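# Survey of secondary and tertiary structure
Chain residues, written in single-letter form:
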Amino acid sequence: MRFDILTVMPEMFSAVTEQGVTGRACRNGIATAKCWNPREFASDKHRTVDDRSYGGGPGMVMLYEPLAKTLDAIAEDVESSGKKAGPVLYLSPQGERWNQQLAAELGQFEQVTLLAGRYEGVDERLIESRVDREISIGDFVTSGGELPAMVMMDTMIRLLPGALGNIDSAEQDSFSDGLLDCPHYSRPEAVGEDGELKVPAVLMSGDHKKIQQWRLQQSLGRTSERRPDLLADRELNKQEQVLLREWQAAQGPAE
Ligand code: 9D3
């Protein structure tokens, strides 16, 4: 999958293209990323990409012309690569909310263009004429679209065939089934001042069926307590309903 990123801060993207699972996918060619700086497409000697907002008020607006020229250059480059051009995605607080389902959907494209803004925003005429979808990563304010673009890239790249080992792909299923993860433990068996912090006995039992049931029960319990909104979106089968009731009964009465 090819990512073309329009950004005035291309250096930031080395965090995705050089590090960890996503760095490996980029080195393998499973993913490719190319940054495009609109400053290089600005026609004046100061390479201006932003200006004051018509109507007044604080904050600068990214200019239509250098952005449009950059998008034209991207389109031409993608065309000449023989890849099918995908959607132009604008990272914006006004966008539809990013989630695993949208990542799986957009991850099907051979190529996507990510428009990462700085300043107050982008001239609306560029959005109307050139942007296919606007996407937000959540209800909080970041300093620009770059970190949100990297979040999107990371989410999509790890879903690409061959990007993860088998252990991780199995683990992935457990989040895409719409529940929170169960607790995890590793060596040693007892920690803390007096060794009072022990691993739940079931995990030491060697009974894999019981372990799997316990993990599912923990996932259901934690999801019902911390993210009841996720359970509202997901039907529970008979076994899951029984496990959740049992988990709830085992919780002490609220203090
Ligand atoms: C405080 C400035 N805001 C005025 C009400 C507007 C604003 C402009 C630019 C808010 C944030 C930004 C920079 N962030 C993004 O462009 C962005 C973003 C975000 O802030 N939160 C969640 N998802 C995204 S995607 C792009």
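Our structure is the block above this text.
Residues numbered from 1 in each chain as written. Predicted model: local features only at pLDDT ≥ 70, side-chain atom pairs only at ≥ 80, totals over all residues. Heavy atoms only, no water.

### Topic: the packing of aromatic side chains
What counts is decided by this rule: Here is the rule: rings of Phe, Tyr and Trp (six-membered ring for Trp) pair when centre to centre is within 6.5 Å. Planes less than 30 degrees apart are stacked, more than 60 are edge-to-face, and the remainder are tilted. For each residue, the accessible area found with a 1.4 Å probe, counting protein chains only, is set against the maximum for its type, and the residue is called buried under 20%, exposed over 50%, and partly exposed in between.
Enumeration over the complete set of coordinates arrives at one aromatic pair. Seen in terms of ring centroids, tryptophan 36 and phenylalanine 41 are 6.5 Å apart; in terms of plane orientation they differ by 35 degrees. Their pairing is tilted. Tryptophan 36 sits in the buried class, given a relative accessible area of 11%.

### So, the site of the ligand
Worth spelling out the cut-off: Being near a molecule or strand, for a residue, means having at least one of its heavy atoms within 4 Å of it. Polar contacts, as used here, are pairs of N or O atoms within 3.5 Å; protein pairs need one atom able to donate a hydrogen and one able to accept it. Residues neighboring in sequence count only if both atoms are side-chain atoms. Computed with a 1.4 Å probe, the accessible areas rest on the Shrake-Rupley method; for each residue, only the protein chains presented here act as cover. Secondary structure elements follow DSSP: runs of H or I of four or more residues count as helices, runs of E of two or more count as strands, with numbering from the N terminus. We call Asp, Glu, Lys and Arg charged. Ala, Val, Leu, Ile, Met, Phe, Trp, Tyr, Cys and Pro are nonpolar, and the rest, Gly among them, are polar.
Around the ligand, the structure places 16 residues, and the nearest of them are Ser92, Ile137, Gly138, Phe140 and Thr142. One nitrogen or oxygen atom from the side chain of serine 136 is found 3.5 Å from a nitrogen atom belonging to the ligand. Here phenylalanine 140 contributes a backbone N or O atom positioned 2.7 Å from a nitrogen atom of the ligand. Burial of the ligand by the protein chains amounts to 71% of its free accessible area of 570 Å². Listed by contribution, the elements that provide at least two residues to the shell around the ligand are strand 5 (88-97) and strand 8 (133-136). Class assignment of the residues belonging to the shell around the ligand gives a composition of eight nonpolar, seven polar and one charged.

### Some details on the sheet that holds strand 7 (residues 121-122)
Strand pairing in a sheet is mediated by backbone hydrogen bonds. Such pairs are either parallel or antiparallel. Here is the rule: Note on pairing: DSSP must find at least two bridges between two strands before they are called paired.
As summarised here, the arrangement of the three strands in space is 3-4-7, forming an open sheet in which the pairing is mixed. Every other strand in the sheet has two partners, leaving strand 3 (50-52) and strand 7 as the edge strands with one partner each. As paired strands, strand 4 (residues 60-62) and strand 7 are joined by two bridges and run parallel to one another. Looking across to strand 7, one finds that valine 61 is bridged to glycine 121.

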